[in-house]
Each structure stands twice: as C-alpha cells, then as structure tokens.
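# Overview (structure and organization)
Chain by chain, the residues run as shown.
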Amino acid sequence: MAGKVKWVTDIEKSVLINNFEKRGWIQVTENEDWNFYWMSVQTIRNVFSVETGYRLSDDQIVNHFPNHYELTRKDLMVKNIKRYRKELEKEGSPLAEKDENGKYLYLDFVPVTYMLPADYNLFVEEFRKSPSSTWIMKPCGKAQGKGIFLINKLSQIKKWSRDSKTSSFVSQSSKEAYVISLYINNPLLIGGRKFDLRLYVLVSTYRPLRCYMYKLGFCRFCTVKYTPSTSELDNMFVHLTNVAIQKHGDDYNHIHGGKWTVSNLRLYLESTRGKEVTSKLFDEIHWIIVQSLKAVAPVMNNDKHCFECYGYDIIIDDRLKPWLIEVNASPSLTSSTANDRILKYNLINDTLNIAVPNGEIPDCKWNKSPPKEVLGNYEILYDEELAQGDGADRELRSRPGQSLGPKGSRSRDSGRTVLTTWK
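Residues numbered from 1 in each chain as written. Predicted model: local features only at pLDDT ≥ 70, side-chain atom pairs only at ≥ 80, totals over all residues. Heavy atoms only, no water.

## Describing the confidence of the model for the chain
Threshold: One number per residue, pLDDT, summarises how confident the predictor is, and it ranges from 0 to 100. Should any heavy atoms of two residues lie within 4.5 Å, those residues are counted as being in contact.
Considering every residue of the chain, the mean pLDDT works out to 83; 79% of them sit at 70 or more. Here residues 162-175 is modelled with pLDDT under 50, and outside its nearest four sequence neighbours on either side it reaches 19 contacts, counting other chains as well. Every residue in residues 419-423 scores below 50 in pLDDT, and together they form 31 contacts with partners more than four places removed in sequence or on other chains.

## Some remarks on the sheet that holds strand β10 (residues 178-182)
Short version of the rule: Think of it this way: DSSP has to see at least two bridges between two strands before they count as a pair. Put simply, DSSP H or I for four residues or longer makes a helix, DSSP E for two residues or longer makes a strand, and each gets a number counted from the N terminus. To obtain an axis, a line is fitted to C-alpha atoms, over the contacting stretch when the element is a helix, and the angle between two such axes runs from 0 to 180 degrees between their N-to-C directions.
Here we have four strands laid out as an open sheet, ordered β5-β10-β6-β7, and antiparallel in their pairing. In this open sheet, the two edge strands, each paired with only one partner strand, are β5 (113-116) and β7 (149-151). Mean inter-strand twist for the sheet, computed between neighbouring axes without regard to direction, equals 25°. As paired strands, strand β6 (residues 135-139) and β7 are joined by three bridges and run antiparallel to one another. When the sheet's bridge partners are listed, isoleucine 136 is paired in β7 with leucine 150.

## Comments concerning the sheet that holds strand β4 (residues 61-62)
Pairing is parallel in the open sheet, where four strands are placed in the order β2-β1-β3-β4. Either end of the sheet is taken by a strand with one partner, and the two such strands are β2 (26-27) and β4. Note that strand β3 (residues 36-38) and β4 share two bridges and pair parallel. In the sheet register, tyrosine 37 faces β4, and the bridge partner there is valine 62. On the sheet, helix α1 (residues 14-22) packs against β1 (6-9) and β3 and is oriented at approximately 175° with respect to β1.

## Brief notes about the pairing of β5
What counts is decided by this rule: Here's how the labels work: a residue is buried when its accessible area is under 20% of the maximum for its type, exposed when over 50%, partly exposed in between, all with a 1.4 Å probe on protein chains only.
The side-chain alternation of β5 yields two buried faces, one formed by Thr113 and Met115 and the other by Tyr114 and Leu116. Summarising the sheet, β5 and β10 pair through four bridges and their orientation is antiparallel. Paired with methionine 115 across the two strands is valine 179, which belongs to β10.

## Observations regarding the packing of α1 against helix α11 (residues 338-355)
Threshold: Throughout, the term roughly parallel applies to angles under 35 degrees, roughly antiparallel to angles over 145, roughly perpendicular to angles from 65 to 115, and oblique to all others. Put simply, a crossing is left-handed when the front helix is turned counterclockwise from the back one by less than a right angle, and right-handed when it is turned clockwise.
Where α1 contacts α11, the two axes come as close as 9 Å, and the packing angle between them is 45°. One element, α1, and the other, α11, form an angle in the oblique class. Pair α1 / α11 crosses with right-handed handedness. Contacts between α1 and α11 involve Ser14, Val15, Leu16, Asn18, Asn19, Phe20 and Lys22 from the first element and Arg341, Lys344, Tyr345, Ile348, Asn349 and Leu352 from the second.

## Overview of the side chain of arginine 210
Position of arginine 210 among the secondary structure elements: in strand β13 (residues 209-214). Residue contacts for arginine 210: discarding those within four places in its chain leaves Leu202, Val203, Ser204, Thr205, Asn367, Lys368, Ser369, Ile380, Tyr382, Asp383 and Glu385.

## Describing the pattern of salt bridges
When the charged atoms of two side chains with opposite charge come close together, those side chains can pair. Here is the rule: Should a side-chain nitrogen of Lys or Arg be within 4 Å of a carboxyl oxygen of Asp or Glu, the pair is scored as a salt bridge.
A complete count under the given rule lists 18 salt bridges for this structure. Across the pair aspartate 58 and lysine 365 runs a salt bridge, and its minimum N-O distance is 3.1 Å. With aspartate 58 in the loop between α2 (41-47) and β4 and lysine 365 in the loop between α11 and β18 (378-383), this residue pair connects regions lying 307 residues apart in the sequence. For aspartate 58, a relative accessible area of 29% gives the class partly exposed. Classification of lysine 365 as exposed rests on a relative accessible area of 58%. Across the pair glutamate 87 and arginine 83 runs a salt bridge, and its minimum N-O distance is 3.1 Å. Of this pair, glutamate 87 and arginine 83 both sit in helix α4 (residues 74-91), four residues apart, which is roughly one turn of that helix. Judged by its relative accessible area of 24%, arginine 83 falls in the partly exposed class.

## Some remarks on the side chain of lysine 194
This is how it is decided: What qualifies as a polar contact is a pair of N or O atoms within 3.5 Å, subject to a donor-acceptor requirement within protein and to the restriction that residues adjacent in sequence count only when both atoms come from side chains.
Along the polypeptide, lysine 194 turns up in strand β12 (residues 193-206). Engagement of the side chain of lysine 194 in a polar contact is seen with the side chain of tyrosine 183, the distance being 2.9 Å.

## Topic: the nonpolar core
Formally: For this analysis, a nonpolar core means a set of buried residues of the types Ala, Val, Leu, Ile, Met, Phe, Trp, Tyr and Cys, connected via side-chain atoms within 4.5 Å.
Counting residues in each nonpolar core, the largest one holds 66 residues, and the members touching the most others are Leu71, Tyr206, Leu293, Tyr310, Tyr312 and Leu324. Residues within four places of leucine 71 in sequence aside, it is in contact with Met77, Tyr206, Ser292, Leu293, Val296, Met300, Tyr310, Tyr312 and Val327. With 31 residues, the next largest nonpolar core counts Val5, Ile11, Trp38 and Phe307 among its residues.

Spelled out as structure tokens, the structure:
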C-alpha cells in the first residue's frame, strides 16, 4: 500500500517513539491527518465523547477502546465480574458452582470487594463477620498506588462517614469513590518479600473476543520483608508492589529494580513446589484473564478502530491460588532498568506488528487475525471464532486448568484456541 503511516502520540516515551521511527513512519500533529494515535486515556475520552468527539476514518486506529474503563476502573471491573457470575449462574453453567458456604468454586478470583459509598452498609455487615480481617481501600480512578491505605478497624473509616448512625458514607466528589477489598494477607513470599505479577494482554477485538498473552511479564517485589503485623499496616514498602512507591524505599535496587522475570518465577516454583502445580497455577492465571475479558465483552464498545494492551496485576497466595487485583489501561512505559527498557521496547514492537499489519497504512476493516509468524513474544490466549468453530468454547465452560494440556500441547477440544503454559 502506498504512503507512510502518519503517527501522533501524547505520551512522550522513547520506547514508543523509537518504534515509530524505526518503521519509517512520519510524525504529525493531532490537527493533521493521522493514521495511528497512541494516546492517553484522557485523550481517548475526548476522541469518543459526544460533545468533542469526531468520526474516525477507516485508515485511523487508536490504542484504547472507548469504554475501556469497564475493565480498567477498579469498581467497574468488579461490578462486571459480579454480573458475569450471576449470568452464568442463571444459565446453570458448571462454572458458577458453589461450595457449601455459598462461595464460588471457580469464579472466586477477585477478592471480596465493595464500592464506597454505595455498599458501605454491606461492607460493615461483612466486616463484623470477621473483625480481625484486614481490608485495603483504593480510589477507583487512580493508579501507581496513589491514595491506597489498609484498615483493620471500622473506626478507621468512620471518619469518612457523615453520620455513623445511618452509616451514610460521604464522598467529596464522584472522583473520590473508593473500592474496599479483603486484603490478601497470606501472599506467596520469596525471600520473605511480597510480590505481584505484571502481565501484558493485547485485545484486538472483543466481539468476537481475540486476545494475546505476552510471554515476557515480570514480578514486582516489595523492598521490605512482609509481615501481617497490624503495627506495619501503614508501611507501604511492606504491602504495595508499585514501582512508583518502592523506588523511594531505602532498599530499592536500581540495577534490577526489584523485578524478576516470569520465567525466573516459573523456574523457582518448579524447583520448590514442583512442575505440575506450577503448570496448574499458570493455567489458572490464563483462565482468569480470559474470564475477566469475557465478563466485560458484552458491555465493551467494540469499535473497529481500536485495540488495547492491558497491564494485568495478579497476586499469588501461599496456597498458589492466583487473584486478579486490577487491570491497567495504560501500563507504565517508563523504564526503571536497562532490562525494563528492552522489555517495553519489544512489547511495543510486537504490539504494533499485530495492530498495524506490515507497518502499512491501517485498514480497520481487516479481520484482525494476524499470521502466527508476526506475533513475536505474544501467543494467542483465546480466539472466540476458532473456539466456536472447533466446538471448543467448552474450554471456558470447564474448570480452570483442567482441559489445558501439558506444555507444548493443546487439549483435545481446544485446537488452536487457548494458550497452554510457557517457560
């Protein structure tokens, strides 16, 4: 196709710009004709807003879905997952099976969560059932650990309440809405430290759902050894893995940045816990990611001009159960170490190879199904069209990890549709 891709970004990161320039693409301003716009979530709001938005042409693509916040806002993600569970329950799906205590056997992959102010009374009721529990409060619309704190007494949040008699929770503005979640106080520790997993997932279309997992995720470690002691509830260097917080700690290591590759984690778990349970853990992680995407797919505006690379945050507890903590619409492209820079450069490179085939002027009407050889470090995680064609949607109607074959194989039903675990 004649002509060079014209690009714009409002995120001045070298891992982005170097990738655009490497392809010989031409930088333009947002007021000129452009083909590819890597934009912030604030800008995407304006592009698709009723008042200020404009109609995108077939040769223009952007890096966010219009209402990505259905997945990436903490309160909406939980709301959509709760709705998805109820729908599966109504359908009589085996996935919605519960134990004798009324707990989901397979769909219990997000910690118990309430919205504040809306669910304040429900939260108090739950809190009183287990008053020794610790809870974590997070502002719905913030990132990088901002505004997060832990509580273990109702009195700690009663100051948020205008009238403790009616427990009517007051929020200064809609932006001050919070979620409060049961804190995972038994995290898997390595070297005595808490960590979480940052995994990158690319969605090219929601209907049909087609998503890819990036093989080069990493673990983010706290700089201070973990203790569940209530005296350390205020010490965020113990509890929050966000680099934006940990880099200010006295023990932060600027060479490795407190990060470990997923492949290192895998080797460590295989040697300490065994290969079988490690494979099961990673199968479950892949499974809950697909379930979270299936939960939001019906409400997502599946605009043909859009793709999105999400940063998934997963915590593993000491029973090797993975928990979905949150999903980021704009995972950090800042490089804290040399290895970090290489990883993020390659992440953007592989993302562009899928989103913009052959680096040519995009045509948003293409079928968004790239050949395997362009995937780079991505592997297909789930392809709804292939799954339905193979009769393999049973894959996601069965228990997590059960129907995924061993490394390098596919289950009998799944054909090419669902990723198995990697090294």
